[in-house]
There are 2 protein chains.
Amino acid sequence: MLTQKELIEYCRNADENYLPHISIDCVVFGFHEGIMKVLVLKMKNDEWYLPGGFVLKNEPIEMAANRILKERTGLDEIFLQQFHVFGDPERSKEHFEMYKDMLPAKQNWFANRFLTIGYYALVDFCNVNPAHDQLSVSCTWSDLNDVPKLKLDHTLILKSALDTLRLQLNYQPIGYNLMPKQFTMPELQKLYETILDKKLDRRNFQRRMLGFGILTRSGQPRKGGAHKAPYLYSFDLENYEAALKEGFKGGW
Amino acid sequence: MLTQKELIEYCRNADENYLPHISIDCVVFGFHEGIMKVLVLKMKNDEWYLPGGFVLKNEPIEMAANRILKERTGLDEIFLQQFHVFGDPERSKEHFEMYKDMLPAKQNWFANRFLTIGYYALVDFCNVNPAHDQLSVSCTWSDLNDVPKLKLDHTLILKSALDTLRLQLNYQPIGYNLMPKQFTMPELQKLYETILDKKLDRRNFQRRMLGFGILTRSGQPRKGGAHKAPYLYSFDLENYEAALKEGFKGGW
């Protein structure tokens, strides 16, 4: 917990440098070998939050999202996608209550109403080493099925990000930064099954995925193993990029 | 053009009632019998804008979007969907320049940087009668292929809304408020072709659309006409609603 003096200084600094009424919250999903996690911050007062922060007075919001994620978690160069603005007037009241005995209302940055812009990303969690900042005691990957109770409306923001990611699987490719350069169809299917949290039919998955035209099959099946060797695939980057922009060719 | 006195009063009122730095812009697409249009406002200074406005200090943003659309265009009860926040620090500079000779910077509401939250809707333009407010001289449907040059970044906002709508066709149903209660497959296809601005294959369209499970076929083909009568369909509202929430069953 910050001392009153630190808190006053924090608010003075925030008021001077950031746009009022606007915040950003980041939902970073981690995936590795069939496990889904999400990045959460434990603050000094033992409360859990998504990594978030504010927008500098003259900063593009995409830059703000990346700076915030870097400052709070140490993670750099993560492609964050904007997904929703949460604009309930009551959503940040909890913060006001928390600090109202320590700060006069006029000096209390947290007494403001904040709209928060949600960003999300999906990364290979083995490639990233989160670190915490001076406000928090830890920054950790939490199992998606066992996320601690989050403050404010961060549980809603997390759920909304997950819904967006799952819907996105229907019209955009995914996995380029998550799969090895070459992979088998069952390996790719495992990624989809993990995100969707359900089993998919093997043959339908293969037919549909090939129909999107974003995969190139290597001539050589993977070597070794007792069973019939599965074919190896890699992403056709040109078609992958086009599908990211315009949706799948399998679309209309 | 507002007089200086009116402008000062406008800014004083805005400062007192609205959240600073945040605006909302609405892209209302109109469709009727194979024609796509978009709603634009012509202001007193002969410049064109999307209908937009600001968020009251204690107003949920979804309510603000609907109030703004009603105030600027007379349209009520239109289901607006949030799609993107435009946060370039330079995006509203044009407004500052426009008023800087008439207003001292401190009293100039438009000197603020504004993030704008984009909302869009698709309606039957025959059912709505747009009206203009006291700031504008007309509120009209413009052909999508012949939109007048829009101020600020409103051309970008319009394009981004259209891209979102087209992408959305890949994973969500559309048309419930646009089609008659019963319709033929070619009529529904025409809606998709108009939004996408391209021809679709008749058989693929029918197969895919039926695969989504959101249509009910009536037993009776439409009567009259020299050719083989086409079957009539209606939306299965339960499945339609479910697909709106979770994406198509034809998804993963």
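Residues numbered from 1 in each chain as written. Chains lettered and ligands numbered in written order. Predicted model: local features only at pLDDT ≥ 70, side-chain atom pairs only at ≥ 80, totals over all residues. Heavy atoms only, no water.

Colleague: Could you give an account of the overall build of chain A, with specific residues and numbers?
Modeller: Counting its regular elements, chain A contains seven helices and nine strands. Structurally, chain A occupies a C-alpha span of about 70 × 40 × 25 Å along its principal axes. In chain A, once contacts between residues fewer than 6 apart in sequence are set aside, the share between residues at least 24 apart is 74%. (Helix = DSSP H or I, 4+ residues; strand = E, 2+ residues; numbered from the N terminus. Contact = heavy atoms within 4.5 Å.)

Colleague: Account for helix H6 (residues 202–211) of chain B, naming residues and giving values.
Modeller: Its side-chain oxygen 3.3 Å from the backbone nitrogen of B:Arg203, B:Asp201 forms the N-cap of H6(B). Once H6(B) ends, the next one or two residues include B:Gly213, with phi positive near 70°. (Polar contact = N/O pair within 3.5 Å; in protein donor to acceptor, adjacent residues only side chain to side chain.)

Colleague: Lay out the interface of chain B and chain A with the relevant residues and their values.
Modeller: Contacts between chain B and chain A engage 37 residues on the former and 37 residues on the latter. Taking both sides of the interface into account, the surface hidden between chain B and chain A amounts to around 3,100 Å²; carbon and sulfur atoms contribute 66%. Run the count over chain B and chain A and you get zero salt bridges. Taken together, chain B and chain A are joined by 10 residue pairs in polar contact (both at pLDDT 80 or more). Looking at the side of chain B that touches chain A, the elements that each hand over two or more residues are strand E1 (18–32), strand E4 (52–56), strand E5 (81–86), strand E6 (115–124), helix H5 (185–196) and H6 of chain B. Considering every element that reaches the side of chain B that touches chain A, the biggest residue donor is E1(B), with four residues. Counted by class, the side of chain B that touches chain A contains 21 nonpolar, 10 polar and six charged residues. (Buried area = accessible area lost by both parts, 1.4 Å probe. Salt bridge = Lys/Arg side-chain N within 4 Å of Asp/Glu carboxyl O. Nonpolar A, V, L, I, M, F, W, Y, C, P; charged D, E, K, R; others polar.)

Colleague: Give a description of the relation of the copies chain B and chain A that names residues and reports values.
Modeller: When chain B is fitted onto chain A, the two copies agree to an RMSD of 0.0 Å after a turn of 180° and an axial shift of 0.0 Å. This pairing of chains is accounted for by a two-fold axis. Of every C-alpha in chain B, the one belonging to B:Tyr171 sits nearest the axis of rotation, 3.2 Å from it. (Least-squares fit on C-alpha atoms with pLDDT ≥ 70 in both.)

Colleague: Describe the confidence of the model for chain A, listing the residues and the values that go with them.
Modeller: Residue and element names in this part refer to chain A. When pLDDT is averaged along chain A, the result is 90; 96% of the residues meet or exceed 70. Strand E5 (residues 81–86) holds the highest mean pLDDT among the elements of chain A, 97, whereas helix H3 (residues 93–99) holds the lowest, 82. In the predicted assembly, ipTM is 0.89 and pTM is 0.91. (pLDDT = per-residue confidence, 0-100.)

Colleague: Outline the packing of aromatic side chains, supporting the account with residue identities and numerical values.
Modeller: All names here are of chain A. Applying the stated rule across the entire model yields 29 aromatic pairs over all chains. Ring geometry for Phe83 and Tyr120: centres 5.7 Å apart, planes at 75°, overall edge-to-face. You can see Phe83 sitting in strand E5 and its partner Tyr120 sitting in strand E6 (residues 115–124), a full 37 residues away along the chain. One exposure class covers both Phe83 and Tyr120, and it is buried. Pairing Tyr99 with Phe110 gives two aromatic rings, centres 4.7 Å apart and planes at 35°, and the pair type is tilted. A residue pair is termed long-range when its members are at least 10 positions apart, and Tyr99 in helix H3 and Phe110 in the loop between H3 and E6 qualify at 11 residues. Among the aromatic side chains, those forming a connected cluster through ring pairs are Tyr18, Phe54, Trp109 and Phe114. Lying across the ring of Tyr231, Arg217 places its NZ or CZ 3.6 Å from the centre. (Phe/Tyr/Trp six-rings, centres within 6.5 Å; stacked < 30°, edge-to-face > 60°. Buried < 20%, exposed > 50% of the residue type's maximum accessible area, 1.4 Å probe, protein only. Lys NZ or Arg CZ within 6 Å of the ring centre and 35° of its normal.)

Colleague: Go over the pattern of salt bridges, please, and point to the residues and values.
Modeller: Applying the stated criterion across every chain yields a total of 32 salt bridges over all chains. Residues A:Lys37 and A:Asp143 are paired through a salt bridge, measuring 2.6 Å at the closest nitrogen-oxygen approach. Separated by 106 residues along the polypeptide, A:Lys37 in strand E2 (residues 35–43) and A:Asp143 in strand E7 (residues 136–143) bring together distant segments of the chain. Overall, the relative accessible area of 18% leaves A:Lys37 in the buried class. Here B:Asp163 ties to B:Lys159 by a salt bridge, and the two come within 2.8 Å at their closest N and O atoms. One end of the pair is B:Asp163 and the other is B:Lys159, both in helix H4 (residues 154–168) and four residues apart, which spans about a single turn. Connected through salt bridges with shared partners, the residues A:Glu9, A:Arg12 and A:Glu16 form a single ionic network.

Colleague: Describe the nonpolar core, listing the residues and the values that go with them.
Modeller: Among the nonpolar cores identified, the biggest contains 71 residues, and A:Ile24, A:Ile117, B:Ile24 and B:Ile117 are the most heavily contacted of them. Per-element tally for this core: the top contributor is strand E1 (residues 18–32) of chain A, with six residues. Core analysis: the second largest hydrophobic core is formed by 41 residues, A:Val38, A:Leu150, A:Ile157 and A:Met179 among them. (Core = buried A, V, L, I, M, F, W, Y, C linked by side-chain atoms within 4.5 Å.)

Colleague: How would you sum up the environment of A:Glu246? Please name residues and give values.
Modeller: Residue and element names in this part refer to chain A. Its location among the elements puts Glu246 in helix H7 (residues 237–246). Judged by its relative accessible area of 61%, Glu246 falls in the exposed class. Put simply, Glu246 and Gln172 are 74 residues apart on the chain and 8.2 Å apart in space, counted from C-alpha to C-alpha.

Colleague: Just give me the short version of the pairing of E6(A), but keep the residues and values in it.
Modeller: All names here are of chain A. Taking burial as the measure, the 10 residues of E6 include 10 buried ones, the bulk of the element. Because side chains alternate across E6, one face comprises the buried residues Leu115, Ile117, Tyr119, Ala121 and Val123, and the other comprises Thr116, Gly118, Tyr120, Leu122 and Asp124, equally buried. Two strands pair when backbone bridges link them, and E1 and E6 are joined in this way by 10 bridges, in the parallel orientation. The residue of E6 that forms the bridge with Ser23 is Thr116. Direction of pairing for E5 relative to E6: antiparallel, over a ladder of five bridges. Looking across to E6, one finds that Val85 is bridged to Ile117. (Pairing = 2+ DSSP bridges.)

Colleague: I'd like a rundown of the packing of helix H5 (residues 185–196) of chain A against helix H6 (residues 202–211) of chain A, residues and numbers included.
Modeller: The packing of two helices is summarised by the inter-axis angle and the distance between the axes. Residues and elements named next belong to chain A. Look at H5 against H6: their axes get within 10 Å of each other, and the N-to-C directions meet at 95°. Classed by the angle they form, the pair H5 and H6 counts as roughly perpendicular. Judged by residue contacts, Met185, Leu188, Gln189 and Tyr192 of H5 engage Arg202, Phe205, Gln206, Met209 and Leu210 from H6. Among the residues making up the contact of H5 with H6, the classes are represented as six nonpolar, two polar and one charged. (Axes fitted to C-alpha atoms, helices over the stretch in contact; angles between N-to-C directions. Parallel < 35°, antiparallel > 145°, perpendicular 65-115°, else oblique.)

Colleague: Which residues make up the environment of A:Ile157, and what values go with them?
Modeller: All names here are of chain A. Note that Ile157 resides in helix H4 (residues 154–168). When the C-alpha positions of Ile157 and Pro180 are compared, they lie 30 Å apart, and in sequence the two are 23 residues distant. Those residues in contact with Ile157 that sit more than four places away from it in its chain are Asp25, Val27, Leu50, Phe83, Phe86, Arg91 and Thr116.

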